[in-house]
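So the chains spell out like this:
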Amino acid sequence: MSIEIINTGNKATREGFGEGLAELGRINPNVIALCADLLGSLNMQTFKAENPDRFIQVGIAEANMMGIAAGLALSGKIPYTGTFANFSTGRVYDQIRQSIAYSDKNVKICASHAGLTLGEDGATHQILEDIGLMKMLPGMTVINPCDFNQTKEATIAIANHHGPVYLRFGRPSWPNFTPIGSFEIGKALLLKEGTDVSIFATGHLVWTAIEAANELAEHGVSCEVINIHTIKPLDNQAILDSVSKTKCVVSCEEHQRNGGLGDSIAQLLSQNMPTPQEFVAVNDSFGESGKPNELLEKYGLGKKDIIAAVRKVLKRK
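Here the structure is a predicted model, which is why all the values come from computation and not from measurement. (Residues numbered from 1 in each chain as written. Predicted model: local features only at pLDDT ≥ 70, side-chain atom pairs only at ≥ 80, totals over all residues. Heavy atoms only, no water.)

Caption draft 1: Highlighting the overall build of the chain. Secondary structure summary: the chain contains 12 helices and 14 strands in total. By the compact-globule yardstick of 20 Å for 317 residues, the chain fits well, its C-alpha radius of gyration being 19 Å. The C-alpha extent of the chain, read off along each of the three principal axes, is 60 × 40 × 35 Å. Taking contacts inside the chain between residues at least 6 apart in sequence as the whole, the part at least 24 apart equals 80%. For the chain, the computed accessible surface area is about 12,300 Å², with 49% contributed by carbon and sulfur atoms. Of the charged side chains in the chain, 29 are positive and 34 negative; the average position of the first set lies 2 Å away from that of the second. (Helix = DSSP H or I, 4+ residues; strand = E, 2+ residues; numbered from the N terminus. Rg over C-alpha atoms; globule rule 2.2 N^0.38 Å. Contact = heavy atoms within 4.5 Å. Areas by Shrake-Rupley, 256 points an atom, 1.4 Å probe, with all protein chains shown as cover. Lys, Arg positive; Asp, Glu negative; His and termini not counted. Charge placed at Lys NZ, Arg CZ, Asp CG, Glu CD.)

Caption draft 2: Local environment of the sheet that holds strand β10 (residues 197-201). Here 5 strands make up an open sheet; going across it, the order is β9-β11-β10-β13-β14 and the pairing mixed. Whereas interior strands pair on both sides, the edge strands pair on one side only; in this sheet they are β9 (189-192) and β14 (277-282). Averaged over all pairs of adjacent strands, the angle between strand axes in this sheet comes to 25°, irrespective of strand direction. Relative to strand β13 (residues 249-256), β10 runs parallel, the two being bridged by 4 bridges. The partner of Ala201 across the bridge, within β13, is Cys252. Helix α8 (residues 205-217) contacts β9, β10, β11 (223-227), β13 and β14 of the sheet and is inclined by roughly 170° relative to β11. Against the sheet, helix α9 (residues 236-246) touches β10, β11 and β13, its axis set at about 150° to β10. (Pairing = 2+ DSSP bridges. Axes fitted to C-alpha atoms, helices over the stretch in contact; angles between N-to-C directions.)

Caption draft 3: Quick peek at the packing of helix α1 (residues 13-27) against helix α7 (residues 148-157). Taken N-terminus to C-terminus, the directions of α1 and α7 make an angle of 35°; their axes are 7 Å apart at the nearest point. Note on packing geometry: the crossing formed by α1 with α7 is right-handed. Residues Thr13, Glu15, Gly16, Phe17, Glu19, Gly20, Leu21, Glu23 and Leu24 of α1 pack against Phe148, Thr151, Lys152, Thr155 and Ile156 of α7. Here the residues of the contact of α1 with α7 are counted per class, giving 5 nonpolar, 5 polar and 4 charged. (Left-handed = near helix turned anticlockwise from the far one by under 90°. Nonpolar A, V, L, I, M, F, W, Y, C, P; charged D, E, K, R; others polar.)

Caption draft 4: The packing of aromatic side chains, seen in detail. Counting across every chain of the model gives 3 aromatic pairs. Measuring from centroid to centroid gives 4.8 Å for Phe17 and Phe169, while their planes differ by 20°, and the two rings are stacked. Here Phe17 is found in helix α1, whereas its partner Phe169 is found in the loop between β7 (165-168) and β8 (173-175), with 152 residues between them in sequence. Among the residues examined, Phe169 registers a relative accessible area of 2% and is labelled buried. Geometrically, the ring pair formed by Phe177 and Trp207 is tilted, given 5.0 Å between the ring centres and 45° between the ring planes. (Phe/Tyr/Trp six-rings, centres within 6.5 Å; stacked < 30°, edge-to-face > 60°. Buried < 20%, exposed > 50% of the residue type's maximum accessible area, 1.4 Å probe, protein only.)

Here you go:
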């Protein structure tokens, strides 16, 4: 059954991370926070103020931060590393692979300012490959929540999940609409029931998908909208159940087409239920400096692009 969607106001997903981390600091003495000189950007100030003995400022030394986190995990602690998504993955991929993923260490890699919506900082910071990099690592759980509530709940939930986790979130204020208590690792969230097409979206594009589905409904197109917040492990059953009804798919993500959510869905469907699919994602391109919403429109991730993808896939059905 779908949920009632109410936008309670715009709040940044990174603020949800900060609040979740602060709450964890009060209830779980094993949680240690590490930051690579981006305390304010990741909203880690409250955790630091309340737990100064459990906060480590490593400075601009992200590779060292991953090594420290791996060592803390060996001692039974639950380290949360915090920096931008670009520096959380591409810059330190070797350290994550060798020191964390290979030995299944209980490290939580928390990555802010992901995707195009980082905005004015430009292409060098707007990583669009991180989901692909992280989901390829054996044993790595990959989570990309869509709003403040979901990010806060995910931040808290991963403390009780043993093993390495990549938690991805963003910079801008964004609609906050998921009900508290609706997040579960690996369990997709049905937001809107429909019969004509399945729209699977993740991160910021979940809200855009809802807006597109509402506009399409005015023209007689019934869209099923499902929030895939956990990219790995993928909720295979939820996807197959939806597609068995609608017979066509649109995937939406603030990421490269190669290696992202759409790729994971295509692999699942090709093996179990070959289905027409359209991809709303960045098409083999780096980003650029600009306003978040303007960048989403320019790179084909806007509401009109989802609507066009739905109309295209319906013709292929």
